Amino acid sequence: MRPTVLCFSGLDPSGGAGLQADIESIGAAGAHAAVACTAITVQSSQAVFGFEPTSSELLTAQASAVLEDLPVAAIKSGMLGTVDNIKALANLFATGKIAAGTPFVLDPVLVANAGGSLGDKETLVAAFEQLLPYATLITPNTHELRALAGLDDLHDCAKRLNEKGVKAVLVKTSHDFESGDIEQFLYVDGAIAHTSIITRLEGEFHGSGCSLASHIAGRLAMGDTLIDAVTNADAWIIKTLQHADVPHPNNPKAQLIPNRFI
């Protein structure tokens, strides 16, 4: 059987982000996606209207069923939604239900690209501290990175998260500037291990961040090194954005949906 990535994320009815994006992105990486649903959201491709979180007991039960059944080779988390769900995931690591050394890509979702809160920001930031020591890679946008580190300079933020136990931090500058190429820096153990320049495409995209994180997790499950996984995911995500679906062709400001089957 293909290596499995177990994803902890919310369900997006539009199919642009969340679990659906995870499944498609991990499949594109060559791995099998299993899911533990953290919340049912009410959202379109353009906005979030609300969500109902899964109980931590139900989340743990979902994950345990998968962990006892399938060859889980990596973990990816996105929207967790509540402090209890963050604690539940941390407990799966702490108790060894998730095997020590399993690659873990942490996408610390605080606010959806489509607009709208996916949980109380300050509370979630504090709770995420529990997960940082287990993370192989954290993939925050610049807003999330600054919130988690409590600093302004992006490089200082990455180093601070390394100090808090995260093995690697992928710094993406896409949210800081509206024009110009996007710079990426991969910090490993407090030092830059890889840099890349990505051409900025016009428009906003729904689910691009979770797609990138999930593809990285998929490639790690397939045996890539961290740098190779990030490099492969960068090349893939650009193709999905270049061929993105356009839900509202008459609205140039509407978000597009990455075409993850390209």
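Our subject is the structure listed above.
So, a few notes on the structure that sits alongside this text. Here the structure is a predicted model, which is why all the values come from computation and not from measurement. (Residues numbered from 1 in each chain as written. Predicted model: local features only at pLDDT ≥ 70, side-chain atom pairs only at ≥ 80, totals over all residues. Heavy atoms only, no water.)

**Overview of the overall build of the protein**
Summing up its helical and strand segments, the protein has eight helices and nine strands in all. Taken over C-alpha atoms, the radius of gyration comes to 17 Å for the protein, in line with the 18 Å a tight globule of 262 residues would show. Projecting the C-alpha coordinates of the protein onto the three principal axes gives extents of approximately 50 × 40 × 40 Å. With 262 residues in all, the protein has 52% of them scored as buried. (Helix = DSSP H or I, 4+ residues; strand = E, 2+ residues; numbered from the N terminus. Rg over C-alpha atoms; globule rule 2.2 N^0.38 Å. Buried < 20%, exposed > 50% of the residue type's maximum accessible area, 1.4 Å probe, protein only.)

**Things to note about the packing of aromatic side chains**
If you walk through the whole model with that rule in mind, you get two aromatic pairs. Here phenylalanine 93 and phenylalanine 104 contribute two aromatic rings whose centre-to-centre distance is 4.9 Å and whose plane-to-plane angle is 35°, an arrangement assigned as tilted. Of this pair, phenylalanine 93 sits in helix 3 (residues 83-94) while phenylalanine 104 sits in strand 5 (residues 104-106), and the two are 11 residues apart along the sequence. Of the two residues, phenylalanine 93 and phenylalanine 104, neither departs from the other in class, the shared state being buried. Taken together, a centroid distance of 4.9 Å and an interplanar angle of 15° make the contact between phenylalanine 93 and tyrosine 134 stacked. (Phe/Tyr/Trp six-rings, centres within 6.5 Å; stacked < 30°, edge-to-face > 60°.)

**Some points on the nonpolar core**
By size, the foremost hydrophobic cluster in this structure holds 40 residues, and its most contacted members are Leu6, Phe8, Leu89, Phe128, Leu131, Leu161 and Val169. Ranked by residues supplied to this core, first place goes to helix 3 with five residues. In contact with leucine 6, not counting residues within four places along its chain, are Ala34, Val35, Ala36, Ala63, Val66, Leu67, Val72, Ala74, Ile75 and Lys76. In this structure, Leu19, Ile26, Ile182 and Ile238 belong to the second largest nonpolar core, which totals 32 residues. (Core = buried A, V, L, I, M, F, W, Y, C linked by side-chain atoms within 4.5 Å. Contact = heavy atoms within 4.5 Å.)

**Considerations on the sheet that holds strand 1 (residues 4-11)**
In spatial order, the strands read 3-2-1-4-5-6-7-8-9; together these nine strands make up an open sheet with mixed pairing. Two strands lie at the open edges of the sheet, namely strand 3 (48-53) and strand 9 (191-198), each paired on one side alone. Note that strand 6 (residues 137-138) and strand 7 (residues 168-172) share two bridges and pair parallel. Paired with leucine 137 across the strands is alanine 168, a residue of strand 7. (Pairing = 2+ DSSP bridges.)

**Quick look at helix 8 (residues 226-242)**
Working note: α-helix, 3.6 residues per turn, so residues spaced by three or four point in the same direction. The terminal C-alpha atoms of helix 8 lie 24 Å apart, and with 17 residues this matches the ideal 24 Å at 1.5 Å per residue to within 8%. Burial in helix 8 covers these residues: Leu226, Ala229, Val230, Ala233, Asp234, Trp236, Ile237, Ile238, Thr240 and Leu241. Buried residues along helix 8 sit in contact with helix 1 (18-28), strand 6, strand 7, strand 8 (182-188), strand 9 and helix 7 (208-221). (Expected span 1.5 Å × (residues − 1).)

**Side note on the pattern of salt bridges**
Enumeration according to the criterion identifies seven salt bridges in this entry. Its salt-bridge partner being lysine 167, residue aspartate 189 comes within 2.8 Å of it at the nearest N-O pair. One end of the pair, aspartate 189, is in the loop between strand 8 and strand 9; the other, lysine 167, is in the loop between helix 6 (154-163) and strand 7, with 22 residues separating them in the sequence. (Salt bridge = Lys/Arg side-chain N within 4 Å of Asp/Glu carboxyl O.)

**Section: the side chain of aspartate 22**
With respect to the element layout, aspartate 22 can be found in helix 1. Residue aspartate 22 is classed as buried on the basis of its relative accessible area of 0%. A polar atom in the side chain of aspartate 22 sits 2.5 Å from the side chain of serine 214. Every residue in contact with aspartate 22, bar those within four places of it in the chain, is listed here: Cys7, Ser9, Ala33, Lys76, Cys210 and Ser214. (Polar contact = N/O pair within 3.5 Å; in protein donor to acceptor, adjacent residues only side chain to side chain.)

**Points about the environment of methionine 1**
Here methionine 1 is to be found in the segment before strand 1. For methionine 1, a relative accessible area of 68% corresponds to the exposed category. As for methionine 1 and alanine 31, which are separated by 30 residues in sequence, their C-alpha atoms are 9.1 Å apart.

**Here's the deal with unusual backbone geometry**
With a phi angle near 55°, aspartate 189 is a residue other than glycine that sits in the positive phi range. Take aspartate 189: its relative accessible area is 53%, and that puts it in the exposed class.

**Quick notes on the packing of helix 1 against helix 7**
Relative orientation of the contacting elements helix 1 and helix 7 amounts to 40°, with a least axis distance of 8 Å. Looking at the two axes, helix 1 sits oblique to helix 7. Helix 7 is crossed by helix 1, and the crossing has right-handed handedness. From helix 1, Gly18, Ala21, Asp22, Ser25, Ile26 and Ala28 reach across to helix 7, where they touch Cys210, Ser211, Ser214 and His215. A class-by-class count of the residues in the contact of helix 1 with helix 7 yields four nonpolar, five polar and one charged. (Axes fitted to C-alpha atoms, helices over the stretch in contact; angles between N-to-C directions. Parallel < 35°, antiparallel > 145°, perpendicular 65-115°, else oblique. Left-handed = near helix turned anticlockwise from the far one by under 90°. Nonpolar A, V, L, I, M, F, W, Y, C, P; charged D, E, K, R; others polar.)

**So, the pairing of strand 7**
Counting buried positions along strand 7 gives five out of five residues, so the element sits mostly inside the fold. As paired strands, strand 7 and strand 8 are joined by five bridges and run antiparallel to one another. Residue valine 171 lies in a different strand from strand 8, and its bridge partner there is phenylalanine 185.

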